[in-house]
Every structure is written in structure tokens, then in C-alpha cells.
Amino acid sequence: MTVTHRPSPVFTRGRGSWLWDGEGRRYLDLVQGWAVNTLGHAAPPVVEALARQAAELMHVGPGFHNAPAIALASRLTGLCGLDRCFFTNSGAEANEGAIKLARKFGQLHRGGAYEIITFADSFHGRTLATMSASGKPGFDTLFAPQVPGFPKARLNDLASIEVLVSSRTVAVMLEPIQGEAGVVEARPDFLQAVRRLCDDHGLLLILDEVQTGVGRTGQWWGHEASGIRPDIMTLGKGLGGGAPIGALLAREGVCCFAPGDQGGTFNGNALVCAAALAVIDAVAGAGFLAEVRARGAQWRDGLDRLGRRLGSGPVRGRGLLLALDLPRTDAAARAAEALRERGGTGVLVNAVRPHRLRLMPALNISQEETALGIEAITEAVMVAAGGG
Ligand SMILES: *Cc1c(COP(=O)(O)O)cnc(C)c1O
């Protein structure tokens, strides 16, 4: 089924920050499966973990314990300070679980409150409930009717939340950086104010860290930059380094699912948990996150210089979740195409908005690869931004 327009190359092989298509053409991959391949393509620790676990035990089902799931739950809760973990197969499914957990909490502790305040332009996934929670334009009518109970506030506007709080409200849910909206940051003082508002009204704070979690911003979690703590956090994308896994984490007092309330056949699958453990071990390695921050600074420096030449405003994002505005409203898709098809090696970037390119390279991209990427983007963007 045609659910998106894909360019013609068929990719057959990947290694680190590089991809090859069936014709043998090479690409510098700055998309990495949508911020998924934390350690790049065919990362040895992930490959080894998958091979070892596949030969040992892949799947026993959610009704039984398996060792990688126990170890991963323990690592994640230890790293983020939340108490319990539920594994899923995707980010949307983790958010779906967060919504259910909040609604159950509302039934038990808030007199049946079920509304979750979410935000304009937010993205939480493509199940019916997570599409309804999302503020992506058009999602409100596509596949109508929506799942009710997701009034929309505006990011970085506390008053827009306050007017929506009522006896029906149980939670506020947001991304520390709105990724799909084009890398739009929730300001640290705004996140701190949202945390206070939630505390004052007894509401749960749900952070969707599907895109910002697991080192993407140069810290373990996107919310660390603001110093706040969520009650519930969701993960996906980069957690499995290419293996499909998400996670729902919550503090003890919120974990009100009773046996039978929540589950899924593949949840906590030993194979994908083993891959995620390899990713977590790598990101926890000495100096890894410092190196992510250094590469982030290198990208930002290069892209800022380009932005000044274009007169298009500051680079967005943190760590290795970055976006660059182009001065012409239709330039991003053309720049992405030119980069993909350029002479020599191609470069893959994401035209996240008509005028904005997003970069989400592997967290272990090298200094040389970064320099090459900046040079290629500068060249292509100057042409795309200028030509008619
Ligand atoms: C990608 C994304 C999702 C959805 O994750 P899937 O694995 O595609 O279901 C949810 N929230 C955010 C912030 C995302 O970036």
C-alpha cells in the first residue's frame, strides 16, 4: 500500500553512518531510520547481541519471565529514576499504554477524570488514540471520529494549559522537543512551570521521549536539560538501535494496572530486549555522551555558519537532533533530493517541513563524517536556496 512516497534507491547494506543501495552507490545517512539506529547500521554490539540471543532464546511470551527483559527493565529504571517498566513494540504503543495508565489512575484516584492535555503540532504516534493525542494538522479529521479526551494547549504557553484544566483532567502529555513538528523545543522554564502546575493540581506529567530519549540530545533523557522529573515516560525509536522496541516507565504510585489490564504478544520479547541492552551498554560507556555533545556542537557550529549565510535564523535542537531553516518555503524537499542524488556519495537528510531540514545521525558519527556532512549540506543548500 502506498502510505508514503519513497525515492527509487533500494538499500541493501549499511555500516555505521553509511548506506549502500543495490547499484553500489554510497550514502552518508543522517536520518538513520528516523533517529532509530543509535549506534549506526550493523553496529557490532547490536549484531552480536541479536545473534547470541537468537541462538539462545527469542520469545517465551508475555506470560513468562525472560532474562533480557528483566535486565533491561532494571537498567532503564536505574537510569531514569522511575520505578517500573512495561515493554512495547513501538513508540505509539508505549504512548497508548501511557494513556491507558493515566485513565486508570483517573478512575481510581481522580473521580473518573480522563482528559489528557496535549499540544498543538505534537506527535505521539499513529494508533487511533495516539493520533487523537497528537496535534498534527489534519489528524483531527483523518479517520474521524477521534478518540475523545485530548484537549490541545500550545507549547511554551502555560496559560493555554491552565484554561483547559478541569475536574476531568488527569494528565498533561508532551515531548521535551517536538520532533515531527520540526524540532521545536519546550523551553526549560516552561517544562518547570508545567511540572509545578501538575503538582499543584494533582495531575500526572507524561513525557513522550520516543525521539528525545536514550542519548539523542546529548543527555540520557530530553527532560534532563530542564531538571524536572516526569511521572510517566515513554521510549521507542533509538532504544533498540534498529530492533523494534518501546517502553513505558512510571513511578510506583502511578503503576495501577492490575493483571489483565495491559499486554501484548510480542511485548518484552527476549530478542529485542537483548538488542536494547547492547544499546544501553554502549550509551553508558565512558565518554559516549560527551562525544555526542561534541558532535552536536560541531554540527551546530557548521550549520549556524550556513544559517547566517542564508539569513535563516538559528539552528534548532540539541545534541544530535537538529534542524536547519532554509529561506525559501519550498527549499527543503529540493535540497534533500539534491543531497541524495549528488555526484560521488549521496547524503540522506529529512525535509521535516517545507522550509526545514532535520538531521538525526547515528550518535557515534565521527568528526570526519560530520565535517563531510556539513560541507555537502552547505553546497546543496546554497544551490537549493538560491535557484528558482
Ligand atoms: C516516532 C514517534 C512516535 C511514534 O513511534 P512509532 O514507533 O512510530 O509508533 C511517538 N512519539 C514521538 C515523539 C515520536 O517521535
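Computed from a prediction, not measured in an experiment: that's the story for all the values here.

## What about the overall build of the protein chain?
Looking only at helices and strands, the protein chain features 11 helices and 17 strands. Relative to the globule expectation of 21 Å for 388 residues, the C-alpha radius of gyration of the protein chain, 21 Å, shows essentially globular dimensions. For the protein chain, the spread of C-alpha atoms along the principal axes amounts to about 60 × 55 × 45 Å. The buried share of the protein chain, taken over its 388 residues, is 54%.

## A few points about helix α3 (residues 67-80)
Taking 1.5 Å per residue as the helical rise, α3 with its 14 residues ought to reach 20 Å, and the 20 Å between its terminal C-alpha atoms agrees with that figure. Turning to α3, its buried residues number three or more, namely Pro68, Ala69, Leu72, Leu76, Thr77 and Cys80. Buried residues of α3, viewed axially, fall in a sector of 155 degrees; they line one side. α3 presents Ala67 and Gly78 as exposed residues on the side facing more than 90 degrees away from its buried surface. In this structure, the buried side of α3 is in contact with α2 (44-56), β4 (84-88), β11 (232-235), β12 (246-250) and α8 (270-283). By the N-cap criterion, in which a side-chain oxygen at the helix start approaches the backbone nitrogen of a residue two or three places on, α3 is capped by Asn66, the distance to Ala69 being 2.9 Å. After α3 finishes, the residue Gly81 shows a positive phi value of roughly 85 degrees.

## Regarding the environment of Gly97
Residue position: Gly97 is located in helix α4 (residues 91-109). Residues Gly97 and Ala274, spaced 177 residues apart in sequence, show a C-alpha to C-alpha distance of 22 Å. The contacts of Gly97, once residues within four sequence positions are left out, are Leu248, Phe257 and Gln262.

## A look at the sheet that holds strand β13 (residues 316-318)
Through backbone hydrogen bonds, the strands of a sheet pair up, either in parallel or in antiparallel fashion. Sheet architecture is open: four strands sit in the order β13-β14-β17-β16, paired in antiparallel fashion. Among the strands making up the open sheet, the edge pair consists of β13 and β16 (350-353). Each strand of the sheet is rotated relative to its neighbour by a mean of 30 degrees, with strand direction disregarded. Sheet analysis places β13 next to strand β14 (residues 321-325), joined by three bridges and oriented antiparallel. Paired with Gly317 across the bridge in β14 is Leu322.

## Quick look at the sheet that holds β4
Spatial ordering of the open sheet is given by β4-β12-β11-β10-β7-β5-β6, a layout of seven strands whose pairing is mixed. Among the strands making up the open sheet, the edge pair consists of β4 and β6 (152-153). Here strand β5 (residues 115-119) runs beside strand β7 (residues 169-174); their pairing, made up of three bridges, is parallel. Along β7, the bridge assignment pairs Ile117 with Val172.

## Description of the site of the ligand
Every residue close to the ligand is listed here: Ser90, Gly91, Ala92, Asn95, Phe123, His124, Gly125, Glu175, Asp208, Val210, Gln211 and Lys237. Note that an oxygen atom of the ligand is positioned 2.8 Å from one of the backbone N or O atoms of Ala92. Among the elements that line the shell around the ligand, the one with the most residues is α4, at three residues. Within the shell around the ligand, the residues separate by chemical class into three nonpolar, six polar and three charged.

## Things to note about the pairing of β14
Most of β14 sits inside the fold, with five of its five residues counted as buried. Where burial is concerned, the two faces of β14 agree: the one with Leu321, Ala323 and Asp325 and the one with Leu322 and Leu324 are both buried. Between β13 and β14, which pair antiparallel one after the other, the connecting turn spans two residues, and Gly319 there sits at a positive phi close to 60 degrees. Two elements, β14 and strand β17 (residues 356-359), share four bridges in a ladder whose sense is antiparallel. Of the residues in β17, the one forming a bridge with Asp325 is Arg356.

## A closer look at the domain arrangement of the protein chain
Segmenting the protein chain into domains produces domain 1 (11-37 + 286-384) and domain 2 (44-283). One C-alpha centre belongs to domain 1, the other to domain 2, and the line joining them spans 27 Å. Between domain 1 and domain 2 lies a buried interface of about 2,100 Å² when both sides are counted; carbon and sulfur atoms form 54% of it. Looking at the side of domain 1 facing domain 2, the largest losses of area belong to Leu289, Arg318 and Leu321, adding up to 32% of the total buried there. Where domain 1 meets domain 2, there are two salt bridges. A salt bridge links Arg318 to Glu185; its shortest N-O distance comes to 2.4 Å. For the pair domain 1 and domain 2, the interface holds 13 residue pairs in polar contact (both at pLDDT 80 or more). Mapped onto the side of domain 1 that touches domain 2, the elements with two or more residues apiece are α1 (32-35), α9 (288-310), β13, β14, β16 and β17. Per element, the largest residue contribution to the side of domain 1 that touches domain 2 is four residues, and it comes from α9. Looking at side-chain class alone, the side of domain 1 that touches domain 2 contains 14 nonpolar, three polar and seven charged residues.

## Things to note about the nonpolar core
With 60 residues, the main nonpolar core has Leu76, Trp299 and Ile377 as its most contacted residues. Residue contributions to this core peak at eight residues, all from α8. Both of domain 1 (11-37 + 286-384) and domain 2 (44-283) provide at least three residues apiece to this core. The next biggest cluster of nonpolar side chains, apart from the first, holds 21 residues, and it includes Phe86, Ala102, Phe150 and Cys256.

Calculation notes
Residues numbered from 1 in each chain as written. Predicted model: local features only at pLDDT ≥ 70, side-chain atom pairs only at ≥ 80, totals over all residues. Heavy atoms only, no water. Helix = DSSP H or I, 4+ residues; strand = E, 2+ residues; numbered from the N terminus. Rg over C-alpha atoms; globule rule 2.2 N^0.38 Å. Buried < 20%, exposed > 50% of the residue type's maximum accessible area, 1.4 Å probe, protein only. Expected span 1.5 Å × (residues − 1). Arc of directions from axis to C-beta. Contact = heavy atoms within 4.5 Å. Polar contact = N/O pair within 3.5 Å; in protein donor to acceptor, adjacent residues only side chain to side chain. Pairing = 2+ DSSP bridges. Axes fitted to C-alpha atoms, helices over the stretch in contact; angles between N-to-C directions. Near = heavy atom within 4 Å. Nonpolar A, V, L, I, M, F, W, Y, C, P; charged D, E, K, R; others polar. Domains from an automatic or database assignment. Buried area = accessible area lost by both parts, 1.4 Å probe. Salt bridge = Lys/Arg side-chain N within 4 Å of Asp/Glu carboxyl O. Core = buried A, V, L, I, M, F, W, Y, C linked by side-chain atoms within 4.5 Å.

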